[in-house]
Structures are given as structure tokens and as C-alpha cells.
Amino acid sequence: MLKFLSQFFLLLVLIISGNAFAIFPSEIKIGENNIIKADKFYYDSNSEFLEASGKVRILSGNEYLETENAVIDVKNKKIIISNKIYVEKLQHKLIADSFYYDGVLKKGFAKSPEIQLNESDILSAKSLVKNSDNIIELNKASFTSCKLCVNKSPIWQINSKKTIIDTDKKTVSYKNATFSIDGYKILYLPFFGHPMPDAKRRSGILMPEIDNGTLKIPLYLRTAPHFDLTYSPRFNSKLLIHELEYRHLFESGSLKFTNYYSKSRIKNKNKEKPEKSKKFDRYFTNLKGVFINEDSNFGLDVGKVSDKSFLKNNYDDHRSFVKSKLYASQYLDNGYNHIDVQHYQGLRQNDSKFTDPNALPNINVKRDLDLENGMSFSLQNNTIEYYQRNSKDIFRNSLSARASMRYNGDGGQILGVNLHNRFDAYKISKIQDPSPKSKELYRNIPELGLVARAPLYSGYNNINYVLEPEVSYVIGKRDLRSFKDYNLIDSRNIDINETNIFHNSRYTGIDYYESGRRFNYGFNNYFLSNNWKISAFIGQTINSDLNSSNTKSNYLGKISLGISDNFETYYRFQRRSKNFTPYRDEIVTWVDYNKLRLSNELTLLRDLNEFNEFYNQNSNIKESVIKQNYTNIEYDLNKEVTLFSDFRFEILDIKSAKLLSNGYGLTYKIDCISLTAKISNDYTSDPAKGISKTRSYTVKLGLKSINL
């Protein structure tokens with residue numbers, strides 16, 4: 001910010017000449033970009049002093065200086081300002097009681113300077129010394145980003161004997177500094193530094209934090225604008241985890257590598273040998289990348305974990321498998337081409353490397369043709385091969401063709417007819433057999449589908465009512481052959497709700513497919529006003545694709561109430577057709593009013609092990625009835641302090657409940673500082689997977705400008 005002064009006054013000295021005093025005009029232009037304005041100019045040719053008095057303003061490009069009186073020693077190329085000055089350069093501002101500059105030595109001095117790096121970051125000092133164009137030294141300086149003060153002291157402040165500002169490198173560094181909160185010194189810093197607010201990202205130590213009971217100190221390294229990395233050791237008295245994140249930005253995409261690694265001790269409990277301790281490697285590694293151009297993209301998401309409890313115990317990550325995938329997609333005007341390879345690392349109790357399935361490759365091709373008369377055609381082919389190390393090698397090709405005729409009425413009516421056929425061919429080989437033999441299976445599933453929807457509208461006294469009945473009926477060949485023994489990566493479970501009740505197949509994977517006769521109907525109801533909304537859906541789904549002659553069905557529905565943007569609650573249910581037996585009930589409530597934010601979810605599931613066409617479990621569940629409640633609460637005590645809590649419990653009976661997990665803490669945010677503290681408890685455990693009950697502590701401190 002002071003660099004322009006040296007350039008400006010050197011130019012000024014060069015143009016001044018003459019042997020007698022002179023009164024200059026109120027404005028002088030020097031060069032193309034430098035202008036000095038004053039109420040009065042006086043030049044003494046004997047002493048070669050130029051004095052500008054009154055309201056003195058100096059403009060040079062984006063820089064601006066203002067004072068009441070300035071004296072220039074033309075002969076010795078010096079400037080002396082004995083009164084208050086104000087200097088502004090872009091976002092940086094300087095205020096000082098006096099200023100002296102030597103143009104020959106290119107040195108300057110200011111008394112009681114205050115430098116505003118931006119609107120909130122302020123450096124004040126006893127004196128300022130400028131020794132070069134880009135280095136400024138402050139003596140007995142203090143730095144803060146706090147506008148608010150407590151007991152006349154900023155909330156936090158850094159005080160140092162010497163502070164150096166490097167305007168080229170855009171850094172602020174401190175020597176022999178102390179860090180104070182509310183005027184109390186709590187930390188001595190022999191050397192400390194941070195970038196200026198307008199600086200680009202650079203290497204350094206980020207704000208430490210306590211996360212899940214461990215102290216985390218992030219070290220940030222930035223060697224180029226397009227890639228950087230963060231190394232964060234996490235440790236406590238029993239644990240040390242090395243966390244590494246590497247990020248690389250390309251012109252058409254990005255790449256991120258994550259690795260968590262630790263050495264842990266386990267005890268050898270083999271009774272034939274003496275008990276001893278040893279160390280073994282524990283880790284989680286992941287490489288994720290996305291690359292996009294105009295009409296295609298490709299990427300990868302590859303991960304591996306050392307054991308089943310590492311993520312849960314250290315990162316509260318409860319995933320049941322780690323999925324790895326490499327893919328490439330091409331988007332066309334009439335469809336797409338896609339190819340990927342997949343690997344699944346199972347983290348369930350009975351999973352091992354010999355049961356982890358692979359899919360190499362998965363090829364999906366789709367083409368669509370839309371005609372102006374409402375007709376459309378679609379052709380899709382999916383080819384996949386997957387295997388387990390000690391079990392099966394399966395090759396499957398699926399070809400689907402669909403022809404549709406759709407009528408759209410002016411009032412939102414829809415009438416559609418679909419013809420669909422799916423043909424699957426399987427080739428199965430059992431790898432473990434001494435003389436492996438392959439067998440081939442085929443299935444062809446033709447279908448005719450009908451769908452109709454006709455919304456009805458009504459209104460009275462600013463209340464609008466919409467009734468929207470919808471029906472779908474699919475007539476198709478029943479798939480009597482079971483393919484469940486040849487599936488490795490798909491789930492055979494279906495969860496039917498109001499969003500997918502009218503889909504042809506409610507399976508989310510690629511192998512299982514609903515077939516036979518399916519009849520679905522439902523009614524959407526809406527009551528709308530300016531401030532509230534009531535909606536309701538009730539429907540039934542009937543499926544005759546069973547290995548028996550019995551046709552079963554499920555009823556489902558949802559009723560919700562919303563008031564402005566402050567409140568919403570809904571009740572969702574599912575009932576089995578036999579005696580209207582309850583299966584699922586959910587009550588969800590969300591509140592955001594004044595200082596309170598609350599969400600509560602109550603879920604009740606019954607008879608989970610009973611076989612039916614919609615909920616086919618792979619194995620029996622220990623508890624056939626699950627009743628759980630999850631609550632999250634946030635409350636603002638004031639503008640600065642927010643209390644929060646979350647807890648999950650299992651309802652055992654009417655009078656008792658079992659706590660599964662809870663957490664509570666607070667967030668403090670004010671002007672220039674933020675603090676989050678939380679205590680979490682997880683009471684669930686699984687000894688077979690090494691998962692134990694845990695209590696963890698998290699503390700995160702953020703300081704404005706220091707935490708850049």
C-alpha cells in the first residue's frame with residue numbers, strides 16, 4: 001500500500017523546477033495516472049521545499065491518500081507529513097498519526113499506524129517501518145478480526161513485538177507473539193504466520209480440532225494452483241491414525257485420493273502359545289475421480305478397508321460393504337452408452353474375500369425414438385458377468401424392448417398403453433466343482449401395460465382442492481423359474497411406497513424383475529391455501545407373481561400437513577391385505593419456528609421374517625419387530641449460542657425403551673470466532689466384527705481470517 005508513495009514522489013521531484021516561489025493551481029497532474037489536489041500549493045526555490053496545504057488528496061491509479069498538510073523536500077527527495085494521514089489501496093487501508101518517507105533510501109516511517117486488511121481484519125502498532133517496496137515492519141503490533149469487544153478487549157487478539165507484512169507473498173508473520181482471549185494471554189507463539197485475506201491458498205497448519213475423542217492437526221500443502229494435499233495425524237493416548245487427502249484439479253475433471261492408516265495392537269489368545277501383543281495394519285483407502293466433456297464422462301470410485309470394524313469404530317461409518325466402480329458413459333440425443341466394472345467388499349459378519357462379488361464388465365446400451373403422434377419406442381440391452389472367488393461365475397444378457405402410446409389431455413389427464421418384452425439369458429458355472437459344468441437358463445417376459453390418470457380441481461374461499469386418481473394394470477407372463485440362487489450383487493427386497501407404486505418393477509437392481517399380473521391404484525388428495533397444505537395418498541398394489549396360486553397385496557398411504565415454512569408432519573403406513581395386518585408405520589415431524597428446530601422420526605416394523613412377495617429377506621432377522629425413534633433438536637439460546645442434541649432409542653414395550661445412541665453439545669458463533677463441542681455415545685456393539693460401545697468427544701474451533 002505504500003509502494004505507490006515512493007513512485008509518486010520520485011515523479012513529483014523530477015518535474016519540479018524553478019528559482020522563485022510560485023502558487024500552483026488547486027490540481028496538478030503528474031504523468032497519466034497521478035493527480036495531486038490541494039487547497040493551496042507553495043514552492044520555495046531557496047530551500048527547495050514544496051508544501052501542499054488544506055485538504056490534500058493524492059490519487060494514483062487504485063491508490064488514494066488524504067491528509068491536511070504535506071511537505072516535500074525536493075532537493076533530498078523526502079516527504080514529511082506531521083499530521084494524520086489516510087491511505088487506501090483496493091481493500092487495504094492505512095491510518096497513521098504522522099508519516100515520513102526518504103525517496104533516496106526508499107525507506108519510510110509512520111507513527112501509531114492502523115492497517116485495515118479488509119472490513120474486519122485490523123493490524124495496529126506503535127510504529128511502522130518500511131524498508132523496501134514490499135516489506136513493512138510493525139513494532140509492538142496487535143491483530144484481530146473482532147469488531148465486538150469484551151471488557152474493552154477484542155474477543156481474541158494476537159500481540160507481537162514484531163510483525164512483518166510481505167505484500168508480494170501476501171503473508172503476515174509474527175515474532176514473539178501471544179494469543180489472547182478476552183484480554184487474557186493463553187498461548188505463547190515464538191513464531192506464527194497466516195496469509196492475508198486476499199491471498200491465494202498456500203501451505204500451512206490448519207486449525208486443530210478434537211474429533212471423535214482424538215486430537216486432529218491438519219497440515220495443508222499446496223505446491224501448485226491445481227493440486228494440494230492435507231496430512232492430518234489423529235491421536236489420543238491409545239490411537240494414532242494418519243489421514244491423507246490428495247486433490248488434483250484437471251481442465252475437465254478432478255481426482256481425490258484418501259487414505260487413513262494406523263498400526264494397532266491385538267492380543268494372541270491361543271492357549272498353546274504364550275499370550276503376546278503384536279501390531280497389525282488397519283486402513284481405509286479410496287480413489288475417486290470424475291472427468292466430463294461435452295457428451296460423455298468417465299470416472300472411478302475405488303475403495304478398500306482392512307477390517308470390518310475400522311470405519312465404524314473410528315469414523316462412525318456403518319456401511320455394510322465398500323463398493324468400487326470404474327465407469328464410462330456417453331450421452332446421445334436418443335439414448336446413452338454405458339460401461340462399468342464393479343467390486344463389492346462385504347463388511348457383514350459372514351462376508352470374506354472369497355464371498356466378495358465382482359462385476360466385469362457391465363454394459364448398458366439404450367436407444368429411444370419419439371414420434372409426433374404420441375408414440376415412442378425404446379430398446380435397451382444390458383450385459384454383465386459377475387463371479388465369486390469360490391462360488392459362481394455368471395454371465396447374463398438382458399434385452400428389453402418397449403413401445404408406448406400416450407395421450408395427454410388439457411386438464412392433466414393421461415392415458416397410456418405400453419408393450420414391453422424382456423428376454424434374459426444366463427450361463428452359470430460353479431467354480432468350486434472339480435470338473436466345472438456350465439448350464440444355461442432363459443426367460444422371456446412379455447407384458448401389456450395400461451395407465452390412466454385424471455385430476456379433478458375445485459376451489460372455495462381461497463382453498464383449492466385436487467383429487468387425482470391413478471390406475472395402472474400390467475398383464476404379463478409369470479416368471480415361475482427362480483433366479484435368486486444365481487444373483488450376487490442385487491437385493492431381492494422391495495420397499496413399496498407412494499413414489500414407486502405405479503412403476504412396472506419396484507426392484508432397484510438389474511436381475512430381479514416383477515412379472516405376472518400387477519394391478520395398482522391410488523388417490524392423491526390436496527387441500528391448498530396461502531399458508532397451509534394438506535395432502536393424502538391411499539393406494540393398493542396387487543401382485544400375482546408368486547410360486548403359489550394365492551394372490552396377495554399391500555395397502556399403503558401417506559397423510560401430511562404443512563404450515564408455511566415452519567411445520568410439517570406426516571404419517572405413512574403399509575398394511576397387508578390379509579386382515580389388514582400392520583407392517584410399517586412411520587410418523588415424521590419437522591419444526592422450524594423462532595429459535596427451535598426439531599425433527600422426530602418414529603418407525604415401527606412388524607413380522608419381518610414372514611415371507612411374502614414384497615419383503616423377501618435373505619436371512620432371518622433376530623428381532624421380527626423393530627420399533628425405533630430418532631430425534632434431533634436445535635435451540636438458539638441467543639444469537640451466538642445454539643444447543644443441539646440427538647438420540648435414538650428402541651421401544652421395548654409401552655413402559656420401557658432401550659437407548660441406542662445419543663449426542664449433545666453446543667455451537668458458539670460470534671463476529672470473529674466459532675466453537676462447536678459435542679459428546680456422542682453409541683451403545684450398539686457387535687463382538688463378532690470387533691465393534692464395541694463407544695463414547696467420543698468433538699471440539700472444533702474456528703477463528704476468522706486465521707482459519708483460511
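Residues numbered from 1 in each chain as written. Predicted model: local features only at pLDDT ≥ 70, side-chain atom pairs only at ≥ 80, totals over all residues. Heavy atoms only, no water.

### Some points on the overall build of the protein
Here is the rule we go by: Helix and strand definitions follow DSSP, with helices as H or I runs of at least four residues and strands as E runs of at least two, each counted in order from the N terminus. The buried label goes to any residue with under 20% of its type's maximum accessible area, the exposed label to any with over 50%, and the partly exposed label to all in between, with areas taken from a 1.4 Å probe on protein chains only. We call two residues contacting when some pair of their heavy atoms lies within 4.5 Å. Where accessible areas are quoted, they stem from the Shrake-Rupley method and a 1.4 Å probe; at the residue level, only the protein chains shown are allowed to cover.
The secondary structure content of the protein amounts to two helices and 49 strands. The buried share among the 708 residues of the protein stands at 39%. Long-range contacts, defined here as pairs at least 24 residues apart, represent 42% of the contacts in the protein between residues at least 6 apart. For the protein, the accessible surface area stands at approximately 40,000 Å², while carbon and sulfur atoms represent 54% of it.

### Considerations on a nonpolar patch on the surface
Rule in force here: A residue counts toward a patch only above 30% relative accessible area and without a salt bridge, and it is joined to like-charged neighbours within 9 Å or, for Val, Leu, Ile, Met, Phe, Trp and Tyr, to nonpolar neighbours within 5 Å. Whenever Lys or Arg places a side-chain nitrogen within 4 Å of a carboxyl oxygen from Asp or Glu, that contact is recorded as a salt bridge.
Together, Ile210, Leu215, Phe235, Leu240, Tyr697 and Val699 give the surface a local cluster of nonpolar side chains, amounting to about 430 Å² of exposed area. Among the structural elements, Phe235 can be located in strand S25 (residues 227–235). Of the residues examined, Phe235 reaches a relative accessible area of 31% and is grouped as partly exposed.

### A closer look at the environment of Gly335
With respect to the helices and strands, the residue Gly335 is situated in strand S31 (residues 335–346). Gly335 sits in the buried class, given a relative accessible area of 13%. Look past the residues within four positions of Gly335 in its chain and what remains in contact with it is Gln330, Lys366, Arg367 and Asp368.

### Observations regarding the pairing of strand S6 (residues 63–73)
Defined as follows: Here a strand pair is declared whenever DSSP counts at least two bridges between the two strands.
When strand S5 (residues 49–60) meets S6, the two strands line up antiparallel, connected through 10 bridges. Bridge pairing in S6 links Ala52 to Ala70. Between S5 and S6, which follow one another and run antiparallel, lie two residues, and Gly61 among them has a positive phi close to 65°. In the sheet, S6 pairs with strand S8 (residues 85–89) via five bridges, with the strands oriented antiparallel. What sits directly across from Tyr64, in S8, is Glu88. Strand direction decides the pairing type here: S6 and strand S7 (residues 78–81), joined by three bridges, are antiparallel. The residue of S7 that forms the bridge with Val71 is Ile80. Two successive antiparallel strands, S6 and S7, enclose a turn made up of four residues, where Lys77 displays a positive phi of approximately 55°.

### Notes on the environment of Asn408
Worth spelling out the cut-off: Pairing of N or O atoms within 3.5 Å defines a polar contact, subject to two protein rules: one partner must be a possible hydrogen donor and the other a possible acceptor, and residues neighboring in sequence count only if both atoms are side-chain atoms.
Its place among the elements puts Asn408 in strand S34 (residues 392–408). The spacing of Asn408 and Arg453 is 45 residues in sequence and 9.6 Å in space, taken between C-alpha atoms. Here Asn408 is in contact with Gln413 and Ile414, once residues within four sequence places are set aside. Here the side chain of Asn408 touches Arg406 through a polar contact of 3.3 Å, side chain to side chain.

### Here's the deal with the packing of aromatic side chains
Put simply, the rule reads: Each Phe, Tyr or Trp ring (for Trp, its six-membered ring) is paired with any other whose centre lies within 6.5 Å, and the angle between the two planes then decides the class: stacked below 30 degrees, edge-to-face above 60, tilted in between.
Under the counting rule described, the total for this entry stands at 20 aromatic pairs. Between Tyr260 and Phe284 the ring centres are 6.1 Å apart and the planes differ by 45°, which places this aromatic pair in the tilted class. Here Phe284 lies in strand S28 (residues 277–292) and Tyr260 lies in strand S27 (residues 253–267), a separation of 24 residues in the sequence. For Tyr260, a relative accessible area of 14% puts it in the buried group. Judged by its relative accessible area of 7%, Phe284 is buried. An angle of 55° between the planes, with centres 5.2 Å apart, marks the rings of Tyr555 and Phe580 as tilted. You can see Tyr555 sitting in strand S41 (residues 552–563) and its partner Phe580 sitting in the loop between strand S42 (567–576) and strand S43 (581–593), a full 25 residues away along the chain. For Tyr555, a relative accessible area of 25% puts it in the partly exposed group. Taken together, Phe143, Trp156, Tyr174, Phe179 and Phe192 form an aromatic cluster joined through their ring pairs.

### A closer look at the pairing of strand S19 (residues 171–181)
In terms of strand pairing, strand S18 (residues 156–166) meets S19 through 10 bridges, oriented antiparallel. Residue pairing for S19: Asp166 is matched across the bridge by Thr171. As consecutive antiparallel partners, S18 and S19 are separated by four residues, and within that stretch Lys170 has a phi angle of approximately 55°, a positive value. Two strands pair when backbone bridges link them, and S19 and strand S20 (residues 184–195) are joined in this way by 10 bridges, in the antiparallel orientation. By the bridge assignment for S20, Thr178 is matched with Tyr188. Hairpin connection, S19 to S20: the antiparallel pair is bridged by two residues, and Asp182 has positive phi, about 55°.

### What to know about the side chain of Ser127
If you trace the backbone, Ser127 turns up in strand S14 (residues 127–130). If near-sequence neighbours (up to four positions away) are discounted, Ser127 is found in contact with Phe109, Ala110, Ser112, Pro113, Glu137, Leu138 and Asn139.

### Structural notes on the pattern of salt bridges
If you walk through the whole model with that rule in mind, you get 26 salt bridges. Arg222 serves as the salt-bridge partner of Asp228, at 3.8 Å between the closest nitrogen and oxygen. A salt bridge links Asp585 to Arg606; the shortest N-O distance between them is 2.6 Å. Placement of the pair is Asp585 in strand S43 and Arg606 in the loop between strand S44 (596–605) and strand S45 (626–636), with a sequence separation of 21 residues. A relative accessible area of 8% means that Asp585 is categorised as buried. Taken together, the shared-partner salt bridges connect Glu498, Lys558, Arg572, Arg584 and Glu586 into one network.

### Let's talk about the confidence of the model for the protein
Which entries qualify depends on this criterion: The quantity known as pLDDT measures the predictor's confidence residue by residue, on a range of 0 to 100.
Averaged over the protein, the pLDDT score is 83; the fraction of residues at 70 or greater is 86%. Counting interchain partners and residues more than four positions distant, the pLDDT-below-50 stretch residues 267–275 has five contacts. Contacts from residues 611–619, a stretch scored under 50 in pLDDT, to residues over four places away or in other chains number 31 contacts.

### Here's the deal with the state of the cysteines
Heads up, the rule is: When two cysteine sulfur atoms lie within 2.5 Å, the pair is treated as a disulfide.
Applying the stated rule across the entire model yields one disulfide. With a sulfur-sulfur separation of 1.7 Å, Cys146 is cross-linked through a disulfide to Cys672. One disulfide, between Cys146 and Cys672, carries an S-S torsion of 80° and so falls in the right-handed class. Of this pair, Cys146 sits in the loop between strand S15 (135–144) and strand S16 (149–150) while Cys672 sits in the loop between strand S47 (657–670) and strand S48 (673–682); the two residues are 526 residues apart in sequence, bridging distant segments of the chain.

### Concerning the environment of Leu332
With respect to the helices and strands, the residue Leu332 is situated in strand S30 (residues 321–332). As a C-alpha pair, Leu332 and Lys366 span 34 residues in sequence and 9.5 Å in three-dimensional space. Once you skip the residues sitting within four places of it in the chain, Leu332 turns out to touch Asn337 and Arg367.

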